[in-house]
2 protein chains.
Amino acid sequence: MTDHGHSQQEITERINAPPGRGVLRDVVYGGIDGSVTTFAIVAGVAGAGLSPFVIVALGLANVLADGFSMAAGNYSGTKAEIDNIHRIRAIEEQHIRLYPDGERKEVREILTQKGLSGRVLDEATDEITSNHDNWINLMIEGEYGLGSVDPHPLKAAMATFFAFLVAGMIPLLPFLFSIEGAFTVSAWMTAGVFFAIGAMKSRWSLAPWWRSGAETLLIGGLAAGIAFLVGSLFHP
Amino acid sequence: MTDHGHSQQEITERINAPPGRGVLRDVVYGGIDGSVTTFAIVAGVAGAGLSPFVIVALGLANVLADGFSMAAGNYSGTKAEIDNIHRIRAIEEQHIRLYPDGERKEVREILTQKGLSGRVLDEATDEITSNHDNWINLMIEGEYGLGSVDPHPLKAAMATFFAFLVAGMIPLLPFLFSIEGAFTVSAWMTAGVFFAIGAMKSRWSLAPWWRSGAETLLIGGLAAGIAFLVGSLFHP
């Protein structure tokens, strides 16, 4: 370790293989939706006098099916992002082949934005455009604003599925253990999941854990409240 | 327009305000999940002999509630990504203040990766590190692999909600118009939505529309099939 928290080797590795945006969004997205959806199902059937076993079975079945649906949606959506990056790469390759002068001007423009000027700008433009891959990579970052790390559809889908599954099973626990007043306990536990997701994600934020927790509780609680209200219209 | 498809002004604007990754993923994700979820509900209640009106009302209520839940989840997830970017920015600002030499080495490393060497590398490093903002922006791209355009939580949430709503209403249409054999028609229309989402997203892909359509039909169909099977276990 150096004096600033990570070793020089660690940084060199990170620069060679930067982490990219990871699965933070997928986990938060899947977790909140999993909890809201299961709570809505529980709320919909709790008043119908079904046995706790049926509620758990119904809830679990829905968590699995909806979790898989979410994973499939996120897989396809993330795959679409990669396909778009490949498309942009192909466009830029063609442009470089057909109109090198215009594309060289764009590199100049991008390097100007990065802070270069004068003779350094000219020479940096020459050096980067002398290598095909470096040229295209700079265009993708500078012209399109995309990161150098492609998203990963399978990782995104798996993160979604597991976050959905774990967060979605919490509202079912009071029924699984046939607790007295299971629905009220389930509502409180669902609120607890929202707060916990918010508090955990504050690890990747400047916000304090309690504020991030409260904010996520508010957003998740609002969504769960709407789902509960809409559901109760159809299960009087 | 210049000879290569977009005008120089257009490119200059794009370099000043690059588009970033947009809402492609959100729309595909929300659309597929919306269609699978509604189809699963329709499949669950179609055998129960409910009136088409009740099926449409139930389906619509669920589309609205779940669409809102998805939007809330995506809002919080995308917000978490921005919070993480702000956190990284603060870390790098502190590092630059406390350990400018180490951070200058990292800029050198990043610019080497971009294709610079020798005297140009030295001078580009000096010029970029002479400006605080340019310095940090380069670190975020090079060390973390993140794009220069922050994601937009509200846009992401709205794209999710509307894609979910539109794609989720299609499986309900045969019931809304009380068509003979509504469930079979609904199943075919759901398949049609998957194919259409795939064909549309091929606009941002190198794949031909029919291949992208078939691939999305396969993934969405699999998810809908699982949802149908799981649902039918509980609605014999």
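Bear in mind the structure is a predicted one, so any value in this text is a computation, not a measurement.

About the criteria used
Residues numbered from 1 in each chain as written. Chains lettered and ligands numbered in written order. Predicted model: local features only at pLDDT ≥ 70, side-chain atom pairs only at ≥ 80, totals over all residues. Heavy atoms only, no water. Least-squares fit on C-alpha atoms with pLDDT ≥ 70 in both. Contact = heavy atoms within 4.5 Å. Patch = residues over 30% accessible without salt bridge, like charges linked within 9 Å, V, L, I, M, F, W, Y side chains within 5 Å. Areas by Shrake-Rupley, 256 points an atom, 1.4 Å probe, with all protein chains shown as cover. Salt bridge = Lys/Arg side-chain N within 4 Å of Asp/Glu carboxyl O. Helix = DSSP H or I, 4+ residues; strand = E, 2+ residues; numbered from the N terminus. Buried < 20%, exposed > 50% of the residue type's maximum accessible area, 1.4 Å probe, protein only. Buried area = accessible area lost by both parts, 1.4 Å probe. Polar contact = N/O pair within 3.5 Å; in protein donor to acceptor, adjacent residues only side chain to side chain. Phe/Tyr/Trp six-rings, centres within 6.5 Å; stacked < 30°, edge-to-face > 60°. Lys NZ or Arg CZ within 6 Å of the ring centre and 35° of its normal. 1 Å grid on protein atoms, 1.4 Å probe; cavity = no way out; pocket = protein on both sides within 12 Å on 5 of 7 lines; lining within 4 Å. Points joined across faces, edges and corners; volume = space filled by probe spheres on them. Nonpolar A, V, L, I, M, F, W, Y, C, P; charged D, E, K, R; others polar.

Would you take a moment to explain the relation of the copies chain A and chain B for this structure?
Each of the two chain copies can be generated from the other by rotation about an axis followed by a shift along it. Of the two same-sequence chains, chain A is brought onto chain B (RMSD 0.0 Å, axial shift 0.0 Å) by a rotation of 180°. The transformation relating the two chain copies, once decomposed into turn and shift, fits a two-fold axis. Considering only C-alpha atoms, the part of chain A nearest the rotation axis is Gly 147 of chain A, at 1.8 Å. When the interface residues of chain A are mapped onto chain B, 100% of them again lie at the interface, so the same face is used by both copies.

Hey, could you run me through a nonpolar patch on the surface in this one?
Residues and elements named next belong to chain A. On the surface, a nonpolar cluster with roughly 280 Å² of combined accessible area is contributed by Leu 50, Phe 53 and Val 54. Position of Phe 53 relative to the elements: it lies in helix α3 (residues 52–98). The class for Phe 53 is exposed, based on a relative accessible area of 66%.

How should the interface of chain A and chain B be read in this particular structure?
How big an interface is tends to be expressed through the accessible area that disappears when the partners come together. Tallying the contact residues gives 88 residues for chain A and 88 residues for chain B. Between chain A and chain B, roughly 8100 Å² of surface is buried when both sides are summed, and carbon and sulfur atoms account for 59% of that area. Counting every contact that joins chain A to chain B gives twelve salt bridges. Of the charged contacts, one joins Glu 123 of chain B and Arg 119 of chain A as a salt bridge, the two residues approaching to 3.3 Å between their closest N and O atoms. The interface formed by chain A and chain B includes 24 residue pairs in polar contact (both at pLDDT 80 or more).

It is not clear to me how the packing of aromatic side chains should be interpreted in this structure. Could you clarify?
For any pair of aromatic rings, geometry is given as the distance between the ring centres together with the angle between the planes. All names here are of chain A. Applying the stated criterion to the full structure yields eleven aromatic pairs over all chains. Summarising the aromatic geometry, the rings of Phe 161 and Phe 162 are spaced 5.6 Å apart at their centres and angled 80° between planes, so their arrangement reads as edge-to-face. In this structure Phe 161 comes out as buried when scored by relative accessible area, which is 18%. Residues Phe 195 and Trp 209 carry aromatic rings whose centres are separated by 6.1 Å and whose planes lie at 85° to one another, so their mutual orientation is edge-to-face. Of this pair, Phe 195 sits in helix α9 (residues 182–201) while Trp 209 sits in helix α10 (residues 209–234), and the two are 14 residues apart along the sequence. Exposure remark for Phe 195: the relative accessible area of 26% places this residue in the partly exposed category. An aromatic cluster is defined as three or more aromatic residues linked by ring pairs; in this entry it consists of Phe 39, Phe 183 and Phe 228. Of note, Arg 203 hangs over the ring of Trp 204, and the distance from its end group to the ring centre comes to 5.3 Å.

What exactly am I supposed to notice about helix α6 (residues 132–142) of chain B here?
Working note: α-helix, 3.6 residues per turn, so residues spaced by three or four point in the same direction. Of all eleven residues in α6 of chain B, eight are buried; the element is thus mostly enclosed. Within α6 of chain B the residues assigned to the buried category are Asn 134, Trp 135, Ile 136, Leu 138, Met 139, Ile 140, Glu 141 and Gly 142 of chain B. The secondary structure elements touched by the buried residues of α6 of chain B are α1 (8–16), α4 (100–114) and α6 (132–142) of chain A together with α3 (52–98), α4 (100–114) and α5 (118–129) of chain B. Where α6 of chain B starts, the residue carrying a side-chain oxygen 3.0 Å from the main-chain nitrogen of Asp 133 of chain B turns out to be Asn 131 of chain B.

Please clarify how unusual backbone geometry should be interpreted in this entry.
Positive phi, close to 45°, is recorded for Ser 178 of chain A, a residue that is not glycine. Counting through the fold element by element, Ser 178 of chain A comes out in the loop between α8 (173–176) and α9.

Looking at this structure, I do not really get the pattern of salt bridges. What am I missing?
Think of it this way: side chains of opposite charge can pair up when their charged atoms draw near. Residues and elements named next belong to chain A. Enumeration according to the criterion identifies 24 salt bridges over all chains in this entry. The residue Asp 122 makes a salt bridge to Arg 108 at a minimum N-O spacing of 2.3 Å. Pair noted here: Asp 122 is in helix α5 (residues 118–129) and Arg 108 is in helix α4, with a separation of 14 residues, a long-range link. Its salt-bridge partner being Lys 114, residue Glu 141 comes within 3.9 Å of it at the nearest N-O pair. One end of the pair, Glu 141, is in helix α6; the other, Lys 114, is in helix α4, and 27 residues separate them in sequence.

Hey, could you run me through empty space enclosed by the protein in this one?
Unoccupied space between atoms shows up once a probe the size of one water molecule is rolled over them. All told, the structure shown has two cavities of 30 Å³ or more when counted by the stated rule. Here the largest cavity is characterised by a volume of approximately 320 Å³. If you list the elements that add at least two residues to the lining of the largest cavity, you get α3 of chain A together with α3 of chain B. Each residue belonging to the lining of the largest cavity can be placed in one class, and the counts come to ten nonpolar, eight polar and four charged. Counting residues per element, the ones that place at least two in the lining of the second largest cavity are α4 of chain A together with α4 of chain B.

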